[in-house]
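Listed here are the chains, written in short residue letters.
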Amino acid sequence: MVFYNNIQLRSREYKIIIERKSNYVYNIFGDFMNKKFKAVILDGYTENPGDLSWDCIGNLTDLTVYDRTPEDLVIERAMDADILIVNKVKLTEEIIAQLPNLKFVGTLATGFNQIDGVALRKRNIPLSNIPSYSTNAVAQMVFAYILESVNRVSEYTDSVKSGDWANCKDFCYWNMPL
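If you're wondering where the values come from, they're calculated on a predicted model, not measured in any experiment.

A tally of regular secondary structure across the chain gives 6 helices and 9 strands. A buried classification covers 30% of the 178 residues belonging to the chain. Within the chain, contacts between residues separated by at least 24 positions form 37% of all contacts whose residues are at least 6 apart in sequence.

Shown next as structure tokens:
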């Protein structure tokens, strides 16, 4: 569940977005403490090859998006980040230790095995993933496998490509019982 809210702090109004899962707040973006958070996405191309907009984050933060980040540039690009968002970029304890401003890490995937969660926990930095990422695609793939198993389309395709249908004496060709 996502909440959009304005809060009053030190006589100034701030816009924030709080994303909740159950009773645990795990994602906060916003203009806070008289500055915008600096957000850095280190490998945005994997999630957005150019057909989507990062404006939902960019409107609330000072956002920098890199399509891909090689290992030797991770620290340089993430050095000033308050919010760091990755997909396949590895965040080790050594890297995390060199990011003094880091307040939040998010991964654009369901898994977060590429991120040292223990190192983040030591610094009380929240880590978030996308738990429902690819849910529809996974369901679609399950049905594709069911249909493949029942209809054996790949076997038929391979048989036709190898010339079995062209060499068949009958008009109709089956390589298995219907």
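The subject of this paragraph is the confidence of the model for the chain. The predicted model of the chain has a mean per-residue pLDDT of 82, with 80% of residues at 70 or higher. Note that residues 1-12 has pLDDT below 50 and, in this model, 30 contacts with residues that lie over four places away or in other chains. For residues 21-27, every residue scores under 50 in pLDDT, and the model assigns this stretch 14 contacts once sequence neighbours within four places are set aside.

Our next topic: the pattern of salt bridges. With the rule as written, the count across this model stands at 3 salt bridges. As a salt-bridge pair, aspartate 82 and lysine 103 come within 2.7 Å of each other at their nearest N and O atoms. On the criterion of sequence distance, the pair formed by aspartate 82 in the loop between helix 2 (74-78) and strand 7 (83-86) and lysine 103 in the loop between helix 3 (93-97) and strand 8 (104-107) is long-range, its members being 21 residues apart. Overall, aspartate 82 belongs to the buried group, its relative accessible area being 1%. Taking the relative accessible area as the measure of exposure, lysine 103 reaches 40% and is therefore partly exposed. The salt bridge partner of glutamate 155 is arginine 152, with a shortest N-O separation of 3.3 Å. The class of glutamate 155 is partly exposed, set by a relative accessible area of 39%.

Looking now at the pairing of strand 7. Covered by surrounding structure in strand 7 are Ile83 and Ile85 together with Leu84 and Val86, the residues of both alternating faces. Across 3 bridges, the pairing between strand 5 (residues 38-41) and strand 7 is parallel. Bridge pairing links valine 40 to leucine 84 in strand 7. Note: strand 7 against strand 8, 4 bridges, orientation parallel. Bridge pairing in strand 8 links isoleucine 83 to phenylalanine 104.

Tracing the backbone through its elements, the reader meets serine 132 in the loop between strand 9 (127-128) and helix 5 (135-151). Owing to a relative accessible area of 53%, serine 132 belongs among the exposed residues under this scheme. Residues serine 132 and threonine 110 lie 22 residues apart in sequence; the distance between their C-alpha atoms is 7.2 Å.

The rules we used
Residues numbered from 1 in each chain as written. Predicted model: local features only at pLDDT ≥ 70, side-chain atom pairs only at ≥ 80, totals over all residues. Heavy atoms only, no water. Helix = DSSP H or I, 4+ residues; strand = E, 2+ residues; numbered from the N terminus. Buried < 20%, exposed > 50% of the residue type's maximum accessible area, 1.4 Å probe, protein only. Contact = heavy atoms within 4.5 Å. pLDDT = per-residue confidence, 0-100. Salt bridge = Lys/Arg side-chain N within 4 Å of Asp/Glu carboxyl O. Pairing = 2+ DSSP bridges.

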